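# Observations on the model geometry
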Amino acid sequence: MGGKRGGKRGLLITVEGVEGSGKTTQCARLAKRLREAGHRVLETREPGGTPLAEQIRSLFLGTAAGAERAEPITPESEALLVFACRSQHISQVIEPAIRQGVIVLCDRFLDSTLAYQGYGRGLDVKTLRTLNRFAAKGLAPSLTLLFDLPAQTGLARRRRNDLELNRLDREAKQFHERVRRGFLALTAKEPRRIKVLDARADPDQVEAAAWTLVQRCLAKHQKVSKS
Ligand code: TMP
């Protein structure tokens, strides 16, 4: 993403991790640092980020009114709901922001689909990538920060913080372990884009490490934009 087209283009940075990894908090901290450094920033999330995509999110997470009476969602429907959200999100929000030079910080993106629906649910990862090309039209993050910790630790954190548990939070421990292994397998395939941070560390330390990676990515992006 980014590059010479149209002068100063923004870029997409995504944050990923299992439940309870602290990624959402870290995303807000990074946005604050970026704004303090003079950048225009858009914080957004998937599934969601537009009115329609947020509606789909509540169906997806089983938090919509009457969800307790709804039928089970097949893994395939689950994936397609996420891709419907992504298509809306990219065309309505992410692409326009990038064109205007904004740094988009997105809480979850394609890697969550591959980790949850691919490794977690067992759908074919290659098929998911093909569907993603259809929905995302080639948009890929310049940097992905993976806030990693054992699935069990993350789930315990979430329960301790008394957050409302959604349909995916309630999945078995083994499901979340497969998701974590999925994220790590994706990292092994794309080590230049996906950077792993130890989410068990002190939040200030995690933030400092994440900030270093973001600054490095921005410096590279600026060099490419100038050349
Ligand atoms: P969160 O944003 O609060 O972490 O909740 C979003 C949930 O949606 C989380 O359980 C992961 C799940 N999810 C998928 O299963 N596939 C996806 O592609 C995305 C973006 C999220």
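First things first, this report covers the structure right here in the doc. Predicted model, so just to flag it, every value in this text is computed and none were measured. (Residues numbered from 1 in each chain as written. Predicted model: local features only at pLDDT ≥ 70, side-chain atom pairs only at ≥ 80, totals over all residues. Heavy atoms only, no water.)

## Regarding the packing of helix H1 (residues 23–36) against helix H8 (residues 203–226)
Two elements in contact, H1 and H8, have axes whose closest approach is 10 Å; the angle formed by their N-to-C orientations is 55°. As the angle between them shows, H1 and H8 are arranged oblique. Regarding H1 and H8, the two cross each other, and that crossing is right-handed. Between H1, through Gln26, Arg29, Leu30, Arg33 and Leu34, and H8, the contact on the second element is made entirely by Pro203, Asp204, Val206, Glu207, Ala208, Ala210, Trp211, Val214 and Leu218. (Axes fitted to C-alpha atoms, helices over the stretch in contact; angles between N-to-C directions. Helix = DSSP H or I, 4+ residues; strand = E, 2+ residues; numbered from the N terminus. Parallel < 35°, antiparallel > 145°, perpendicular 65-115°, else oblique. Left-handed = near helix turned anticlockwise from the far one by under 90°. Contact = heavy atoms within 4.5 Å.)

## Concerning the state of the cysteines
One pass over the structure, following the stated rule, counts zero disulfides. Here Cys27 stays unpaired: no disulfide links it, and the sulfur of Cys106, its closest cysteine neighbor, is 7.8 Å away. Take Cys27: its relative accessible area is 4%, and that puts it in the buried class. In this structure Cys106 comes out as buried when scored by relative accessible area, which is 0%. (Disulfide = S-S within 2.5 Å. Buried < 20%, exposed > 50% of the residue type's maximum accessible area, 1.4 Å probe, protein only.)

## Concerning the site of the ligand
Around the ligand sit 15 residues, and of these Glu19, Val82, Arg108, Thr113 and Gln117 come closest. One of the side-chain nitrogen or oxygen atoms of Glu19 is found 2.7 Å away from an oxygen atom of the ligand. Taking Arg108, its side chain carries an N or O atom lying 2.8 Å from an oxygen atom of the ligand. When the ligand sits alone it has 480 Å² of accessible area, and the protein chains cover 95% of it. Mapped onto the shell around the ligand, the elements with two or more residues apiece are helix H2 (51–60), helix H3 (75–99) and helix H4 (110–120). (Near = heavy atom within 4 Å. Polar contact = N/O pair within 3.5 Å; in protein donor to acceptor, adjacent residues only side chain to side chain. Areas by Shrake-Rupley, 256 points an atom, 1.4 Å probe, with all protein chains shown as cover.)

## Structural notes on the nonpolar core
Counting 54 residues, the largest nonpolar core has Leu145 and Val214 as the members making the most contacts within it. Once residues within four sequence positions are removed from consideration, Val214 is found in contact with Ile13, Leu30, Leu34, Leu143 and Leu145. (Core = buried A, V, L, I, M, F, W, Y, C linked by side-chain atoms within 4.5 Å.)

## Thoughts on the sheet that holds strand E2 (residues 41–45)
Spatially, E2-E3-E1-E4-E5 is the arrangement adopted by the five strands of the open sheet, whose pairing is parallel. The open sheet is flanked by E2 and strand E5 (194–198), the only strands paired with a single partner. For this sheet, the mean inter-axis angle between neighbouring strands, taken without regard to orientation, is 20°. Where E2 and strand E3 (residues 103–107) come together, five bridges link them in parallel fashion. Counterpart to Val41 in the pairing with E3 is Ile103. (Pairing = 2+ DSSP bridges.)

## Quick notes on unusual backbone geometry
Here the amide bond leading from Glu46 into Pro47 is cis, since omega sits at -10°, within 30 degrees of zero. Relative to the assigned elements, Pro47 resides in the loop between E2 and H2. Despite not being glycine, Arg108 shows a phi value in the positive range, around 80°. By secondary structure assignment, the location of Arg108 is in the loop between E3 and H4. In this structure, Lys137 takes a positive phi of about 45° despite not being glycine. Positionally, Lys137 belongs in the loop between helix H5 (125–136) and strand E4 (143–148).

## A word on H2
Turning to H2, its buried residues are Ala53, Ile56, Arg57 and Phe60. When H2 is viewed along its axis, its buried side chains cluster within an angular range of 110° and face the same direction. Residues of H2 that are exposed and point more than 90 degrees away from the buried face comprise Pro51, Gln55 and Leu59. Looking at the packing, one finds that the buried side of H2 touches E2, H3 and H4. In the stretch just after H2, Gly62 is the one whose phi turns positive, near 70°. (Arc of directions from axis to C-beta.)

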